[in-house]
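# Secondary and tertiary structure notes
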Amino acid sequence: MSKITGCCSEENHPNSRRNVLKAALGITAAGVMGGIGLGLPQISYAAALTQAERDKLTPDQIIEGMKQGNKRFISGKMQQHDYLAQKRSSADGQFPAAVILSCIDSRAPAEIVLDTGIGETFNARIAGNISNEDLLGSLEFACAAAGAKVILVMGHTACGAIKGAIDNVELGNLTGLLNKIKPAIETTQFDGEKSSKNERYVDAVAKNNVKHTIDEIRKNSEIINKLEKEGKIKIVGSMYNLNGGVVEFLM
Ligand SMILES: [Zn+2]
């Protein structure tokens, strides 16, 4: 993999991976370590994560990086991702820091609302961000085989899958998927009208469904459970608000 592009090597480019990483680590020309603001998105500007870069990050730093990325998204000051450089640098290998399990909803694209780039996160998307055997296999691959350190389960407001489950919608293979949301409906504490027309109720179920999915992951994946208990990974829930654009981190 050549890092030479045109007349200038990436090493000398102000946005080169090394220079951006230095900025992320708070390393100045004088070699002073700041250590504040270190996080995933700051590294993502010009090139995909290397293994060394990813391995240095702790789960908490990765979560903080996602929070910072969402702040940039809300403010409209997202990083100018050099997708070509990210594509080039990740073609021979990937070292994503996190795996995100989120809904297929077209309005809730995790990589955009968290301002991450190519090669930084695995992304599993399924209606209602539920867990099943195949998704658990994907999460296990991401964490145990590929080294991701954070599992982020992301629900969102006004979720059609949640509404469908509340309304007992039956439609081909969707019926079975929506059944996986029903335990979250049953355990949602809510005072008020429990219908799909009540936005507050739909969002309360969606939030509880994120917790339920995390419970299912812990219960049904020995591998992930072990990694979490050893402190090698963190599992965190979140809700994306379609209106404000805020990703609320729940736990
Ligand atoms: Zn949804």
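So, a few notes on the structure that sits alongside this text. What you see is a predicted model; the values in this text were computed from it and never measured.

A few words now on the overall build of the chain. When helices and strands are counted, the chain shows 12 helices and 7 strands. In the chain, which comprises 251 residues, the proportion classed as buried is 49%. Pairs at least 24 apart in sequence give 69% of the contacts found in the chain among residues at least 6 apart. About 12400 Å² of surface is accessible on the chain, with carbon and sulfur atoms providing 52% of the total.

The subject of this paragraph is the packing of aromatic side chains. Applying the stated rule across the entire model yields 2 aromatic pairs. Look at F122 and F141: their rings are 5.8 Å apart centre to centre, the planes differ by 75°, and that puts the pair in the edge-to-face class. Of this pair, F122 sits in strand β4 (residues 121-125) while F141 sits in helix α7 (residues 133-145), and the two are 19 residues apart along the sequence. Accessibility expressed as a relative area gives 13% for F122, which makes it buried. Ring geometry for F190 and Y201: centres 5.1 Å apart, planes at 55°, overall tilted. With F190 in the loop between α10 (182-186) and α11 (199-220) and Y201 in helix α11, the pair connects residues that are 11 residues apart, well separated along the chain. Of the residues examined, F190 reaches a relative accessible area of 14% and is grouped as buried. One cation-aromatic arrangement involves K67 over F249; the distance from NZ or CZ to the ring centre is 5.3 Å.

The zinc ion binds to the protein through C103 (SG), H156 (NE2) and C159 (SG), with metal-donor distances spanning 2.0 to 2.3 Å. Each donor residue of the zinc ion belongs to the same chain, with the gaps between them written as C-x52-H-x2-C. This pair shows no difference in class: H156 is buried, exactly as C159 is.

Attention now goes to the sheet that holds β4. If you trace the 5 strands from one edge of the open sheet to the other, you get β4-β3-β5-β6-β7, paired in mixed fashion. On the outer flanks of this sheet lie β4 and β7 (247-249), each paired with one strand and no other. The sheet shows a mean angle of 25° between the axes of neighbouring strands, taken without regard to direction. Bridge count between strand β6 (residues 234-240) and β7: 3 bridges; the pairing is antiparallel. Residue Y240 lies in a different strand from β7, and its bridge partner there is V247.

Parameters at a glance
Residues numbered from 1 in each chain as written. Predicted model: local features only at pLDDT ≥ 70, side-chain atom pairs only at ≥ 80, totals over all residues. Heavy atoms only, no water. Helix = DSSP H or I, 4+ residues; strand = E, 2+ residues; numbered from the N terminus. Buried < 20%, exposed > 50% of the residue type's maximum accessible area, 1.4 Å probe, protein only. Contact = heavy atoms within 4.5 Å. Areas by Shrake-Rupley, 256 points an atom, 1.4 Å probe, with all protein chains shown as cover. Phe/Tyr/Trp six-rings, centres within 6.5 Å; stacked < 30°, edge-to-face > 60°. Lys NZ or Arg CZ within 6 Å of the ring centre and 35° of its normal. Donors = N, O, S within 2.8 Å, 3.2 Å for Na, K, Ca; no water. Pairing = 2+ DSSP bridges. Axes fitted to C-alpha atoms, helices over the stretch in contact; angles between N-to-C directions.

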